[in-house]
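Secondary and tertiary structure notes
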Amino acid sequence: LSQLPKQTRIEEYDIYQWEGFWYLPAHLEGALAIRSHFEAQDDDVIIISPPKAGTTWLKALIPTILNGPRGCKNIDDQEDDPLVKITPQLVVLTLEDQIFSVKNDRNPDLSTIPSPRIFHTHLPYTSLPNSIKNSKCKIVYISRNPKDVFVSLWHFMNYHRDDKQGLFPIEKAFDSFCNGVHFFGPYFDHVLEYWKKSLDSPSKILFLKYEEMKSDSKNELRKLALFLGRPFVEDEEVENVLWKCSFERLKNLEVNKNGIEPHSGLANSSFFRLGTVGDWKNSFTPEMEERINGIARLKFEGSGLDLYI
Ligand code: A3P
């Protein structure tokens, strides 16, 4: 790590830059290992997201569409539903800090996982292993309004601070976010790369927006299932999957209220906060709004990307 060109510190975190994006040390070591070792298979599904854009939601939805029971609301809550006992954080394997982490085997054998295998990563497109780019595996990417992403990230960082440290100063966190110096940032570049690639290869990359998933859930879910080759037939199936993976249901499951995600040691509850659109209005000053709007205008101009900013 010490040989990498850029390193900086945000409060208690050392972060490193690799191929234009910023990483915590454990994530970077994982990212380097994924790049060398991960071999995608043609029927893999790779969930990709910038942190706090709705990863957890997709980690529940995609296995439920592909493998889970789509049946009746009343009978399947306890028995055959992995989401009841295992948090979505564990249902799907996150590559960089879980599977390829320094704490585990650096080159694990993933070939025995039954297909379709589902993985998650926060890696930017630039740094994906070639086998993900070149195989026929599918990528589902989720994006979100950067203002809500920032506020969600800020709360997440505060959640994991101890009382003595107090709140992460929001001005400092915001300045770093705007400068792109945050985990897997710059956010704007992360989203823009996948947006452009999804326009070039719509059958390879499905580009979703958190806001549309919230406002037009049934249509977005139908689109997702069709992309995964498992289209819904009955409207009731769509409703059941949405209910199974709903924020309200998942947040209130025992495993998510009190469980700890074993790989990272993070409380599962930290992945379920409000689950709404527009919470940024409760934390942003007009100056913050103006600054982020300006960056978005500059970065996204001419790209056709509208993130409901
Ligand atoms: P908020 O902090 O705005 O509430 P990630 O999973 O990428 O870390 O993103 C976390 C964000 O997604 C949090 O946003 C969290 O509350 C929200 N979230 C988690 N599960 C969700 C679900 N099933 N439906 C909608 N939003 C969800």
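Refer to the structure presented above.
Just so we're clear, the structure is a prediction, and the values are computed from it rather than from any experiment.

A separate point is helix α7 (residues 146–159). Across its 14 residues, α7 extends 20 Å between first and last C-alpha, which sits within 8% of the 20 Å expected from 1.5 Å per residue. For α7, a buried count of twelve out of 14 residues is recorded, marking the element as mostly surrounded by other parts of the structure. Near the N-terminus of α7, the side chain that reaches the backbone nitrogen of Lys147, with its oxygen 2.8 Å away, is that of Asn145.

By the secondary structure assignment, Asn158 is in helix α7. Separated by 2.6 Å, the side chain of Asn158 and the backbone nitrogen of Phe168 make a polar contact. Not counting residues within four places of it along the chain, the set of residues in contact with Asn158 comprises Leu167 and Phe168.

Here Asn158 falls in the buried class, since its relative accessible area comes to 12%. On a C-alpha basis, the gap between Asn158 and Ile170 in space is 9.9 Å, while along the polypeptide they are twelve residues apart.

Turning our eyes to something else, we now look at the packing of α7 against helix α15 (residues 286–300). Axes are the key here: two packed helices are described by the angle between their axes and the distance separating the axes. Where α7 meets α15, the closest approach of the two axes is 10 Å, and the angle between their N-to-C directions is 120°. Between α7 and α15, the angle falls in the class oblique. For the pair α7 and α15, contact is made by Pro146, Lys147 and Phe150 and by Met288, Glu289, Ile292 and Asn293, respectively. Its residues assigned to classes, the contact of α7 with α15 shows four nonpolar, one polar and two charged.

What follows covers the packing of helix α8 (residues 170–178) against α15. Contact pair α8 / α15: the axes reach a minimum separation of 11 Å and the direction vectors enclose 10°. Taken together, the axes of α8 and α15 are roughly parallel relative to one another. Taken together, the residues of α15 that come into contact with α8 (itself represented by Ile170, Phe174, Asp175, Phe177 and Cys178) are Met288, Arg291, Ile292 and Ile295. Taken together, the residues that form the contact of α8 with α15 break down as seven nonpolar, no polar and two charged.

This paragraph deals with the pairing of strand β4 (residues 45–48). A two-sided burial pattern is seen for β4, the buried positions comprising Val45 and Ile47 on one face and Ile46 and Ile48 on the other. Summarising the sheet, β4 and strand β6 (residues 118–121) pair through four bridges and their orientation is parallel. What sits directly across from Ile48, in β6, is Thr121.

Moving on, we come to the site of the ligand. Taken together, 18 residues are adjacent to the ligand, and Thr55, Thr56, Ser152, Tyr210 and Leu274 come closest. Here Tyr210 contributes a side-chain N or O atom positioned 2.7 Å from a nitrogen atom of the ligand. Between Cys245 and the ligand, the recorded distance is 2.9 Å, taken from a backbone N or O atom to a nitrogen atom. In isolation the ligand offers 570 Å² of accessible surface; the protein chains occlude 98% of this area. When residues of the shell around the ligand are traced back to their parent elements, those giving at least two are α2 (55–66) and α13 (247–251). Element by element, the count of residues in the shell around the ligand is highest for α2, at three residues. A per-class count over the shell around the ligand returns nine nonpolar, six polar and three charged.

What follows covers the packing of aromatic side chains. The final tally for this structure, using the stated rule, is 19 aromatic pairs. When the centroid spacing of 5.3 Å and the interplanar angle of 55° are considered together, the rings of Phe156 and Phe271 count as tilted. With Phe156 in helix α7 and Phe271 in the loop between α14 (254–258) and α15, this pair connects stretches of sequence that are 115 residues apart. For Phe271, a relative accessible area of 21% puts it in the partly exposed group. With 5.0 Å between their ring centres and 70° between their planes, Trp195 and Phe207 make a pair best called edge-to-face. Of this pair, Trp195 sits in helix α9 (residues 187–200) while Phe207 sits in strand β8 (residues 205–209), placing them twelve residues apart in sequence.

The rules behind each value
Residues numbered from 1 in each chain as written. Predicted model: local features only at pLDDT ≥ 70, side-chain atom pairs only at ≥ 80, totals over all residues. Heavy atoms only, no water. Helix = DSSP H or I, 4+ residues; strand = E, 2+ residues; numbered from the N terminus. Expected span 1.5 Å × (residues − 1). Buried < 20%, exposed > 50% of the residue type's maximum accessible area, 1.4 Å probe, protein only. Polar contact = N/O pair within 3.5 Å; in protein donor to acceptor, adjacent residues only side chain to side chain. Contact = heavy atoms within 4.5 Å. Axes fitted to C-alpha atoms, helices over the stretch in contact; angles between N-to-C directions. Parallel < 35°, antiparallel > 145°, perpendicular 65-115°, else oblique. Nonpolar A, V, L, I, M, F, W, Y, C, P; charged D, E, K, R; others polar. Pairing = 2+ DSSP bridges. Near = heavy atom within 4 Å. Areas by Shrake-Rupley, 256 points an atom, 1.4 Å probe, with all protein chains shown as cover. Phe/Tyr/Trp six-rings, centres within 6.5 Å; stacked < 30°, edge-to-face > 60°.

Everything listed here is a matter of coordinates, which is why it stays silent on function.
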